[in-house]
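# Commentary on secondary and tertiary structure
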Amino acid sequence: MKILEIGGGPNPRSIIELNTPRKDVVILDAQMLEYTDVLHAVTVDNHLPFDDETFDMVFSSHIYEHLPYWAEQHIMNDWTRVLKTGGTMVTIVPSWEWVAKEVLKPPDKRSFGLKQCAFAGQDNEWDRHLNMFTLDMLESIFKKCKMEVRTSTTRTWPFVVHGKTYRMGENFIVGVKR
């Protein structure tokens, strides 16, 4: 199985969560980090540097929200382009639903990860959220890319910002390209 992880960062989740052998994963990132195989910034005008239908899986964790809302469909179309027919798209983003619930809690009951979930860690030029998603928004984007949604759920996940571990809500969606 050949997997593309978009924005693998310092801890590629496709390897961690899916227990994938490193040799089966191509890690694309805007920064040259320890695991980066392909240095590439995802932007509206900068298409993925791969042929159509190259990968069995395209995996992105906490990348899609860093892209402008007005380009979300265009960029997902490009990610789908490199996915083989019958291949799996996994997209994980901060949960807008989770943020909304946290904001409505009394200040002393809110998660310490609320601002980080909504705005990112902001410790480099790429670490800024430009978009947020609900599950139904993600499902709509997937369907416009001719993907059948197989899993769509919100879960909590630990993450580290500036050396502190937080728990945040994330939307997790899996689709199969038709």
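Throughout what follows, the structure given in this document is the object of discussion. Counting from 1, residues in each chain are numbered in the order their sequence is written. Where local features are concerned, this predicted model is filtered to residues with pLDDT of at least 70; where side-chain atom pairs are given and counted, the filter is 80 or more; whole-chain, interface and lining totals use all residues. Neither water nor hydrogens contribute to the side-chain values; these are computed over all heavy atoms in the structure.

### Here we look at the overall build of the protein chain
Selection criterion: Helical segments are the DSSP runs of H or I of at least four residues, strand segments are the runs of E of at least two, and each set is numbered from the N terminus. We compute the radius of gyration from the C-alpha atoms alone; for a globule the expected value is 2.2 Å times N to the 0.38, where N is the number of residues.
Helix and strand counts for the protein chain come out as five helices and seven strands. When the elements of the protein chain are put in sequence order from the N terminus, they spell out β-α-β-β-β-α-β-α-α-α-β-β. The C-alpha radius of gyration of the protein chain comes to 16 Å, within 12% of the 16 Å expected for a compact globule of 178 residues. Seen along its three principal axes, the alpha-carbon backbone of the protein chain occupies a region of about 50 × 35 × 30 Å.

### Section: the nonpolar core
For the record, the criterion: Nonpolar cores are built from buried Ala, Val, Leu, Ile, Met, Phe, Trp, Tyr and Cys residues. Side-chain atoms within 4.5 Å join them into one set. Think of it in three bands: with a 1.4 Å probe and only protein chains considered, a residue is buried below 20% of the maximum accessible area for its type, exposed above 50%, and partly exposed in between. The contact criterion used throughout is that any non-hydrogen atoms of two residues lie within 4.5 Å.
With 27 residues, the main nonpolar core has Leu4, Ile6, Leu48, Val58, Tyr64, Met76 and Trp79 as its most contacted residues. Of all the secondary structure elements, the ones that give two or more residues to this core are strand E1 (3–6), strand E2 (25–29), strand E4 (55–61), helix H2 (72–81), strand E5 (83–94) and helix H5 (135–144). Residue contacts for Tyr64: discarding those within four places in its chain leaves Glu72, Gln73, Ile75, Met76, Trp79, Thr91, Val93, Phe133, Leu138 and Ile141. Within the second largest apolar cluster, nine residues are counted, among which are Val25, Met57, Phe59 and Ile92.

### Looking at unusual backbone geometry
Most peptide bonds adopt trans geometry, and most residues besides glycine take a negative phi value. Residues other than glycine seldom take positive phi values, yet Asn19 does so here, at roughly 55°. In this fold, Asn19 is placed in the loop between helix H1 (13–18) and E2. Notably, Lys146 is not glycine yet its phi reads approximately 60°, a positive angle. Positionally, Lys146 belongs in the loop between H5 and strand E6 (147–161).

### Here we look at H2
In an α-helix, one turn spans 3.6 residues; hence positions three or four apart end up facing the same way. Here H2 lies mainly inside the structure; seven of its 10 residues are buried. Those residues of H2 that sit buried are Glu72, Gln73, Ile75, Met76, Asp78, Trp79 and Thr80.

### Some remarks on the packing of aromatic side chains
Going by this rule: In this analysis, rings of Phe, Tyr and Trp, with Trp reduced to its six-membered ring, are considered paired at centre separations within 6.5 Å, and the interplanar angle assigns stacked below 30 degrees, edge-to-face beyond 60, and tilted for intermediate values. Whether a charge sits over a ring depends on NZ of Lys or CZ of Arg being within 6 Å of the ring centre and within 35 degrees of the ring normal.
In this structure the tally under the stated criterion is three aromatic pairs. Judged by centre distance (5.0 Å) and plane angle (90°), the ring pair of Phe50 and Phe55 falls under edge-to-face. Between Tyr64 and Phe133 the ring centres are 4.9 Å apart and the planes differ by 15°, which places this aromatic pair in the stacked class. With Tyr64 in the loop between E4 and H2 and Phe133 in the loop between helix H4 (114–119) and H5, the pair connects residues that are 69 residues apart, well separated along the chain. Comparing Tyr64 with Phe133, the two get one shared label, buried. Within the aromatic cluster, the residues linked to one another by ring pairs are Tyr64, Trp79 and Phe133. When the ring centre of Phe55 is taken as origin, the NZ or CZ atom of Lys2, which lies over that ring, is 5.3 Å away.

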